[in-house]
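# Structural features, examined
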Amino acid sequence: MKTILETWPAEASAPERHDGPVFMQAELAPNRSLANPAFIALMIAIGTISFTAGIFYLAIGAWPVLPFFGLDVFLVWLAFRISYRDGRAREFVRVDGRDIEVVRQHPTGHRRRYRLPTAWVRLRLVDPQAHHAQVALVAHGKALVLGQFLSPPERGEFATALGAAIERARQSWSGPQEPGGADPASA
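What comes next is a walk through the structure. What you see is a predicted model, and the numbers here were worked out from it, not measured in a lab. (Residues numbered from 1 in each chain as written. Predicted model: local features only at pLDDT ≥ 70, side-chain atom pairs only at ≥ 80, totals over all residues. Heavy atoms only, no water.)

## Considerations on the overall build of the protein
Selection criterion: Helix and strand assignments come from DSSP, with helices taken as H or I runs of at least 4 residues and strands as E runs of at least 2, each series counted from the N terminus. Computation of the radius of gyration draws on C-alpha atoms, with the globule rule given as 2.2 Å multiplied by the number of residues to the power 0.38. Partly exposed describes any residue whose relative accessible area lies between the buried limit of under 20% and the exposed limit of over 50%, with all areas from a 1.4 Å probe on protein chains only and scaled to the type maximum. We call two residues in contact when some of their heavy atoms are within 4.5 Å. Here the open area of atoms and residues is found with the Shrake-Rupley method and a 1.4 Å probe, where only the protein chains shown may cover a residue. Neither His nor the chain ends contribute to the count of charged residues, in which Lys and Arg are positive and Asp and Glu negative. Every charge is mapped to an atom, namely NZ of Lys, CZ of Arg, CG of Asp or CD of Glu.
Within the protein, the regular secondary structure consists of 3 helices and 7 strands. The N-to-C order of helical and strand elements in the protein reads β-α-α-β-β-β-β-β-β-α. Compactness check: the protein gives a C-alpha radius of gyration of 23 Å against a globular reference of 16 Å for 187 residues, more than 25% above the reference. The principal-axis extent of the C-alpha atoms belonging to the protein is close to 80 × 35 × 30 Å. For the protein, buried positions account for 34% of its 187 residues. A separation threshold of at least 6 residues defines the contact pool for the protein, and within that pool the share at least 24 residues apart is 63%. For the protein, the exposed area adds up to about 11200 Å²; of that, 60% sits on carbon and sulfur atoms. Here the protein contributes 20 positively and 17 negatively charged side chains, and the mean placements of these two sets differ by 3 Å.

Here's what the structure looks like:
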């Protein structure tokens, strides 16, 4: 199993944007298959089943098991809350002639910014059919892994679209290219 370790440094501040054309602007978000109304219906069903079973066991005198029927409802609710919180993560990818800008927004709202030079970066798709597939931008021996929360088919589609955008951006840009990445002197 091949994996790429992420080693690309984050920017200390928002990078200055290039005024030229934008070849890709994408927002990547994790999939959450259960909508809020369905979540409420599921919790009502689980609560009803647990309450009914709890009443049954209380009626036959097995009252010590009663708290466990409430605990299972709470744990299912907690698991879904954590899943929905993680679903607020986002990755914003913007490709222009000079830079590839990646902004990661964590579920807490914290943002990390990365800037990679369009001319120097290579796109790598590792194990495209496997569940642990990775889409990575690699330059100067450093890597930035994108879309870790996407499914393998979505990673493949994203890699194809990103590769095409990078190629179009390289063909359009005629200015100088910086090597990119956070400046070690400013850290």
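Let us keep going from here.
## What about the nonpolar core?
For the record, the criterion: Put simply, buried Ala, Val, Leu, Ile, Met, Phe, Trp, Tyr and Cys residues joined by side-chain atoms within 4.5 Å make one nonpolar core.
Judged by nonpolar contacts, the single largest core of 24 residues is most densely connected at V95, I100, L116, F158 and L162. Secondary structure elements with two or more residues in this core: β1 (22-28), β2 (90-96), β3 (99-105), β4 (111-117), β6 (134-139), β7 (142-146) and α3 (152-172). Ranked by the residues each element gives to this core, the list is headed by α3, at 6 residues. Discounting chain neighbours no more than four positions away, the residues touching L116 are W8, R98, D99, I100, V102, V121, L137 and L144.

## A few points about the pairing of β3
Two faces make up the sheet, and in a regular strand the side chains alternate between them. This is how it is decided: A pair of strands counts as paired when DSSP detects no fewer than two bridges linking them.
Of all the 7 residues making up β3, 7 are buried; the element is thus mostly covered by neighbouring parts of the structure. With burial as the criterion, each face of β3 is covered, one bearing D99, E101, V103 and Q105 and the other bearing I100, V102 and R104. Sheet topology note: the β2/β3 ladder contains 6 bridges and is antiparallel. When the sheet's bridge partners are listed, E91 is paired in β3 with R104. Joining the antiparallel neighbours β2 and β3 is a turn of 2 residues. Looking at chain direction, β3 and β4 are connected through 7 bridges and run antiparallel. Residue V102 lies in a different strand from β4, and its bridge partner there is Y114. If you look at the hairpin formed by β3 and β4, you'll find 5 residues sitting between the two strands, and G109 has a positive phi there, around 100°.

## Let's talk about the sheet that holds β1
Note the cut-off: Only the contacting stretch of a helix is used when fitting its axis, a line to C-alpha atoms as for every element, and angles between N-to-C directions run 0 to 180 degrees.
Strand order in the open sheet formed by 4 strands is β1-β2-β3-β4, with antiparallel pairing between adjacent strands. Edge positions in the sheet fall to β1 and β4, since each has one partner strand and no second. Neighbour to neighbour, the strand axes of the sheet diverge by 10° on average, direction disregarded.

## Some thoughts on the pattern of salt bridges
Stated formally: For this document, the term salt bridge refers to a Lys or Arg side-chain nitrogen within 4 Å of an Asp or Glu carboxyl oxygen.
Summed over all chains, the structure comprises 8 salt bridges. Residue R98 is joined to D99 by a salt bridge in which the shortest nitrogen-to-oxygen separation is 3.0 Å. Both residues of the pair, R98 and D99, belong to the buried class. Exposure remark for D99: the relative accessible area of 6% places this residue in the buried category. Here the salt bridges share partners, and the residues they tie into one network are R98, D99 and R115.

## Let's talk about the sheet that holds strand β5 (residues 122-126)
Within the open sheet, the 3 strands sit side by side as β5-β6-β7. Their pairing is antiparallel. Two strands bound the open sheet, and with one partner strand each, they are β5 and β7. Each strand of the sheet is rotated relative to its neighbour by a mean of 30°, with strand direction disregarded. Pairing of β5 with β6 involves 5 bridges; the strand directions are antiparallel.

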